[in-house]
Amino acid sequence: MTKRSKISVFGSALMTVLMMTSAAQASDIYIQPKAVEIDSTLYERCGEYCPEMDYQLIHTGQMWLDSIINKDVLAIIDVMDENDPNSAIAKQAKAFYDKPLVTDRELARELNRITDNLIRAVNTARAEDSIYSYSVMATPSMVGMHKGLVLMRIDGDIYTGGAHNLPSSYYYVFDLQNKKQLNLADVIIAGQEDTLEQKLYAKFYDYLIQMDVEPSSIMESWEFAVTDNFVFDETGVEFLYQPYEITPYVFGMPSLHLSYAELKGILKSQYLK
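Residues numbered from 1 in each chain as written. Predicted model: local features only at pLDDT ≥ 70, side-chain atom pairs only at ≥ 80, totals over all residues. Heavy atoms only, no water.

Participant: Could you clarify how one ought to interpret the overall build of the protein chain in this entry?
Facilitator: A tally of regular secondary structure across the protein chain gives seven helices and twelve strands. The buried share of the protein chain, taken over its 273 residues, is 45%. Partitioning the intrachain contacts of the protein chain with sequence separation of at least 6 by distance along the chain shows that 61% fall at a separation of at least 24. Summed over its atoms, the accessible surface of the protein chain is roughly 14200 Å², and 50% of this surface lies on carbon and sulfur atoms. (Helix = DSSP H or I, 4+ residues; strand = E, 2+ residues; numbered from the N terminus. Buried < 20%, exposed > 50% of the residue type's maximum accessible area, 1.4 Å probe, protein only. Contact = heavy atoms within 4.5 Å. Areas by Shrake-Rupley, 256 points an atom, 1.4 Å probe, with all protein chains shown as cover.)

Here it is as structure tokens:
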């Protein structure tokens, strides 16, 4: 397999048009793929053994939103730690992820760093006769809309050796009017956090029963907590957990769901359906 076929920068087409309507205005939101220039000579160092890289960056015309998604896409595939956390490169990377807005030039610079680190890791593994079939993937997609909010997700998957790969999936709820990513605290009525946790804990208990697992065998070893990884859907709110977050890897990504009826008195009224 050639190095060109091993490295897929734009693995899937991404083109979405959303109609945002409100009493004040109506506007089109376009979600398109973003291309940035990276150093193609990096791949000459790995030839046919290059790591598989499949990622997608986006452009919407909303720089604050693009920065959130594009930084998180890079964060997922940025799996190789810098050797020296106090080095100039490591400090530059931290500053990049801490910035609220990032430019195409900064995205390209960090992609070069990430790619270089992966290629170095592959070459080192080959030299040590270790597993060198590394792969990283992070692709954003549109989920839909709810009450004027834009709903997105990023699906990731990484493999850097070991027994198995590590998938991930992260939801995003964007308030375009206020130019803000909403977290759970933004949509839950203050003081209802414990009630929400109790309801989700009961859902988790039922989930384990449905999986033919004795709940106590999991709950003794894995601590349950409310996740901030949530999204609205037609019937309620989905809470999605990553592998190893509240269950062993074999359970994958547990999904717990509360209906809008169950969330009455917990979810702020403007988000109920």
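On we go.
Participant: Looking at this model, I keep getting lost on the packing of aromatic side chains. Mind explaining?
Facilitator: The geometry of an aromatic ring pair is captured by the separation of the ring centres together with the interplanar angle, meaning the angle of the planes. In this structure the tally under the stated criterion is eleven aromatic pairs. Relative to Phe251, the ring of Tyr207 has its centre 6.4 Å away and its plane inclined at 50°; by these criteria the two rings are tilted. Of this pair, Tyr207 sits in helix H6 (residues 193-210) while Phe251 sits in the loop between strand S11 (236-240) and strand S12 (255-259), and the two are 44 residues apart along the sequence. Centroid distance Tyr244 to Tyr249: 5.7 Å. Interplanar angle 35°. Geometry classified as tilted. (Phe/Tyr/Trp six-rings, centres within 6.5 Å; stacked < 30°, edge-to-face > 60°.)

Participant: Help me out: how do you make sense of the pairing of S12 in this one?
Facilitator: For a regular strand, side chains alternate in direction, first toward one face of the sheet and then toward the other. Of the two faces of S12, only the one carrying Leu256 and Leu258 is buried; Ser255, His257 and Ser259 on the other face are not. As defined by bridge partners, S11 adjoins S12 across five bridges and the pair is classed as antiparallel. The partner of Leu240 across the bridge, within S12, is Ser255. (Pairing = 2+ DSSP bridges.)

Participant: Would you mind showing me how to read the environment of Asp104 here?
Facilitator: Note on placement: Asp104 falls in helix H4 (residues 104-127). Overall, Asp104 belongs to the partly exposed group, its relative accessible area being 38%. Measuring from C-alpha to C-alpha, the distance between Asp104 and Lys34 comes to 8.9 Å, with 70 residues separating the pair along the chain. Excluding residues within four positions of it along the chain, Asp104 makes contact with Lys34 and Val36. Only 2.8 Å separates the side chain of Asp104 from the side chain of Lys34, close enough to count as a polar contact. (Polar contact = N/O pair within 3.5 Å; in protein donor to acceptor, adjacent residues only side chain to side chain.)

Participant: Could you clarify how one ought to interpret the pattern of salt bridges in this entry?
Facilitator: Pairing of side chains with opposite charge becomes possible as their charged atoms draw close. According to the stated counting rule, one finds twelve salt bridges in the structure shown. Residue Asp78 pairs with Arg113 through a salt bridge whose shortest N-O separation is 2.7 Å. Here Asp78 is found in the loop between helix H2 (63-77) and helix H3 (88-98), whereas its partner Arg113 is found in helix H4, with 35 residues between them in sequence. For the pair formed by Asp78 and Arg113, the shared burial category is buried. Note that Arg153 and Asp155 form a salt bridge whose closest N and O atoms lie 3.0 Å from each other. Classification of Arg153 as partly exposed rests on a relative accessible area of 22%. Given the relative accessible area of 24%, Asp155 is considered partly exposed. Ionic contacts of the salt-bridge type, sharing partners, join the residues Asp78, Arg109, Glu110 and Arg113 into one network. (Salt bridge = Lys/Arg side-chain N within 4 Å of Asp/Glu carboxyl O.)

Participant: Explain the packing of H2 against H3 to me, please; I cannot follow it from the model alone.
Facilitator: The relative placement of two packed helices is expressed as an angle between their axes plus a distance between the axes. Look at H2 against H3: their axes get within 10 Å of each other, and the N-to-C directions meet at 140°. Taken together, the axes of H2 and H3 are oblique relative to one another. Across the interface between the two elements, Lys71, Leu74 and Ala75 of H2 pack against Phe96, Tyr97 and Asp98 of H3. Of the residues assigned to the contact of H2 with H3, the class counts are four nonpolar, no polar and two charged. (Axes fitted to C-alpha atoms, helices over the stretch in contact; angles between N-to-C directions. Parallel < 35°, antiparallel > 145°, perpendicular 65-115°, else oblique. Nonpolar A, V, L, I, M, F, W, Y, C, P; charged D, E, K, R; others polar.)

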